[in-house]
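Analysis of the macromolecular model
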Amino acid sequence: MIVIASTKPYAQKMLLDAFQAFAPENSFCLPDDACATQATTAACWFPDMDQLESLPDLQLIHSMGAGVEHLDLKKIEYKYQLCRIVDAHHKQGMLNYLHWGILYYQRCFDLYAHNQQQQIWHQYSQLSEHDVKVGIMGLGEIGSFVAQKLANYGYQISGWSKSSKSIESVTCYSGEAQFEQFLSQSQILINLLPLTTETRHILSNKTFEKLPKGAAVINSGRGAHLNSNDLLACLQSGQLRGAILDVFEQEPLIPEHPLWTTQNVLITPHVASHAPLKVVVEQILENDKRLINRQPLMNVVNLQRGY
Ligand code: NDP
Ligand code: OXD
């Protein structure tokens, strides 16, 4: 039995609709239903952990997305297993979003949008993929896929991760010691890190000042990776050319936030990529089945690392 658990009304509705559409009848319930006492797995997005802790048979907390920072890992540790979604469509969706973002700068669409407001007709030179240096922070399930595909398109790709990696046609850096060298190669910096205590506010002055002057930033990791005051200052000074932001510390982004109206900032509402809901439901059901049959679970999160 799966219990659907989100404190966010939009996510609770989305999950309930998805389970109604794709799961067998009587295989899921809401936390207040009587059958929630039989739930072995919780499908979660910002769940109420106190409520979940009162369910006697619960063993598995399952994120409905790739990220798990919306969960209180301290409460999960030692008590529950934790799994997340890993999916091919999800990776492809992110590749599409990031390729669009790279082209936006590569082909100067940011400059043409600006020029249009002033009725300026000016043609910029056309860069090829080989002329564009892209740096990807995070070489996990999604980052390594994106890095490999973009390298195949002909971009000069560097990647940065915690442990060292080897990916064909991608220059791989790892750890604090190689971060600066990685940044110095990144005309377009993409963030695909998970949010942990180590990566919070990693997109700050200290990072931006090590990028080549006029670099662009695309944040499709998490909002709290970004120090938005530092971003605004670096856009103002010209250290950064622009930013594409998909994720925010508070979502939805509040109406009065200066990012909405800053020149050279392009905002999307946490849509860089979503796994299809059918896949989300199928993976959660499959993991619940494996749990009950005492088989190894898919896409287990390492609770010590926090991702
Ligand atoms: P993974 O857990 O598979 O990969 C995480 C990567 O980040 C790994 O390569 C890891 O290094 C690296 N990393 C973690 N901590 C550090 C650190 N301190 N220093 C350097 N590298 C580090 O995650 P996914 O690829 O599946 O997803 C990444 C994130 O993308 C998600 O957590 C989520 O926040 C975001 N996301 C956003 C979406 C959106 O629509 N905006 C959609 C999907 C995901 P190592 O390999 O050495 O462990
Ligand atoms: C996420 C997702 O973690 O959509 O953002 O999977």
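Given the structure is predicted, the values throughout are model-derived calculations rather than measurements. (Residues numbered from 1 in each chain as written. Chains lettered and ligands numbered in written order. Predicted model: local features only at pLDDT ≥ 70, side-chain atom pairs only at ≥ 80, totals over all residues. Heavy atoms only, no water.)

Things to note about the site of ligand 1
Ligand 1 sits among 31 residues. The nearest are Arg84, Ile142, Ser163, Lys165 and Tyr307. Measuring from an oxygen atom of ligand 1, one finds a side-chain N or O atom of Arg84 at 2.8 Å. In this structure, an oxygen atom belonging to ligand 1 sits 3.0 Å away from a main-chain N or O atom of Leu139. Secondary-structure elements contributing two or more residues to the shell around ligand 1 are helix 4 (88–106), helix 6 (141–153) and strand 7 (156–161). The leading source of residues in the shell around ligand 1 is helix 6, at three residues. For the shell around ligand 1, a count of residues per class yields 11 nonpolar, 12 polar and eight charged. Counting only domains with at least three residues in the shell around ligand 1, you end up with domain 1 (2–87 + 275–292) and domain 2 (88–267). (Near = heavy atom within 4 Å. Polar contact = N/O pair within 3.5 Å; in protein donor to acceptor, adjacent residues only side chain to side chain. Helix = DSSP H or I, 4+ residues; strand = E, 2+ residues; numbered from the N terminus. Nonpolar A, V, L, I, M, F, W, Y, C, P; charged D, E, K, R; others polar. Domains from an automatic or database assignment.)

Comments concerning the sheet that holds strand 9 (residues 188–191)
Reading across from one edge, 8-7-6-9-10-11-12 is the order of the seven strands in this open sheet, with parallel pairing throughout. Edge strands, defined here as strands with exactly one partner in the open sheet, are strand 8 (170–174) and strand 12 (265–267). Ignoring which end each strand starts from, the neighbouring axes of this sheet average 15 degrees apart. In this sheet, strand 11 (residues 240–245) lies alongside strand 10 (residues 215–219) in parallel orientation, the contact comprising five bridges. When the bridges of strand 11 are listed, Asn219 appears paired with Leu245. Running over the sheet, helix 4 touches strand 6 (133–137), strand 9, strand 10, strand 11 and strand 12 and is turned about 155 degrees from strand 11. The strands touched by helix 6 within the sheet are strand 6, strand 7 and strand 8, with strand 6 carrying the most contacts at an inclination of about 170 degrees. (Pairing = 2+ DSSP bridges. Axes fitted to C-alpha atoms, helices over the stretch in contact; angles between N-to-C directions. Contact = heavy atoms within 4.5 Å.)

Let's talk about the site of ligand 2
Every residue close to ligand 2 is listed here: Gly65, Ala66, Gly67, His90, Arg222, His270, Ser273 and His274. For ligand 2, an oxygen atom lies 2.9 Å from a polar atom in the backbone of Gly67. Note that an oxygen atom of ligand 2 is positioned 3.5 Å from one of the backbone N or O atoms of Ser273. Expressed as a share of its isolated accessible area of 210 Å², the protein-covered part of ligand 2 is 88%. Of the residues that constitute the shell around ligand 2, the class distribution is one nonpolar, six polar and one charged. (Areas by Shrake-Rupley, 256 points an atom, 1.4 Å probe, with all protein chains shown as cover.)

The analysis is restricted to geometry; functional conclusions fall outside its scope.
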